[in-house]
Amino acid sequence: YLISKAHFLACHNWSFLEKYDMLKNLMPGGMFLLNAPYDKDTVWQQLPTKVQKQIIDKKLKFYVIDGIKIAEELGLGGRINTIMQTAFFHISKVIDENMALGAMKNAIKKTYGKKGDKIVAMNIACIDKGLEGVHEVRVPEKFTGQVVEKPAVSDDAPEFVKNVTA
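Residues numbered from 1 in each chain as written. Predicted model: local features only at pLDDT ≥ 70, side-chain atom pairs only at ≥ 80, totals over all residues. Heavy atoms only, no water.

Caption draft 1: How the structure looks around the environment of Tyr112. Within the element layout of this structure, Tyr112 appears in helix α6 (residues 97-112). It is 8.6 Å that separates the C-alpha atoms of Tyr112 and Asn123, two residues lying 11 residues apart in sequence. Not counting chain neighbours up to four residues away, the residues in contact with Tyr112 comprise Ile119, Val120 and Asn123. (Helix = DSSP H or I, 4+ residues; strand = E, 2+ residues; numbered from the N terminus. Contact = heavy atoms within 4.5 Å.)

Okay, here's the thing in structure tokens:
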């Protein structure tokens, strides 16, 4: 909430797309990574229309990954931090990818080494699967839909509820 101009934004929870204006502070030409239960070919049709419009209007690079599915396949439940971090370094190129992923693997060995080789291997597999699982989404050039927003609360709600609670 303190960042007013971002070049990169990741949304780890699909439901946030309808709860918050996720792309408000993402700069034109920025990168948007979405953890979604849809693949690169079907995710666009599932997005709220307001999000579609913002992606097109801001000419964003849009990437999708199903971090939950990857984590579950590896036996890590819903733990997606390493998967999303891998996708971030792969997409953003903020530092050398090999250096970043190597440092992540070393940190995993240091952090989970006492828990055994199996736990270390599961967490390192997150990095490899995260690289395989992130895909760029082809974004249409023009928005042809209609922006439809669901109100957070009823129009009959008191002003405080509309402006603060919602």
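Caption draft 2: View of the pattern of salt bridges. Under the counting rule described, the total for this entry stands at six salt bridges. Close ionic contact of Asp128 with Lys105 constitutes a salt bridge, the shortest N to O distance being 3.5 Å. Note that Asp128 is positioned in helix α7 (residues 117-133) and Lys105 in helix α6, a separation of 23 residues in sequence. Exposure remark for Lys105: the relative accessible area of 26% places this residue in the partly exposed category. A salt bridge links Lys129 to Glu132, with the nearest nitrogen and oxygen atoms 3.8 Å apart. Taken together, the positions of Lys129 and Glu132, both in helix α7 and three residues apart, correspond to about one turn of that helix. Exposure remark for Glu132: the relative accessible area of 54% places this residue in the exposed category. (Salt bridge = Lys/Arg side-chain N within 4 Å of Asp/Glu carboxyl O. Buried < 20%, exposed > 50% of the residue type's maximum accessible area, 1.4 Å probe, protein only.)

Caption draft 3: Layout of the nonpolar core. Counting 20 residues, the largest nonpolar core has Leu17, Leu23, Phe32, Leu34, Leu47, Ile55 and Phe62 as its most contacted members. For this core, the elements supplying multiple residues, two or more each, are β1 (6-11), β2 (26-35), α2 (43-46), α3 (49-57) and β3 (61-65). Ile55 has contacts with Leu23, Phe32, Trp44, Leu47, Leu60, Phe62 and Val139, leaving out every residue within four places of it along the chain. With 17 residues, the next largest nonpolar core counts Leu33, Ile65, Met84 and Val134 among its residues. (Core = buried A, V, L, I, M, F, W, Y, C linked by side-chain atoms within 4.5 Å.)

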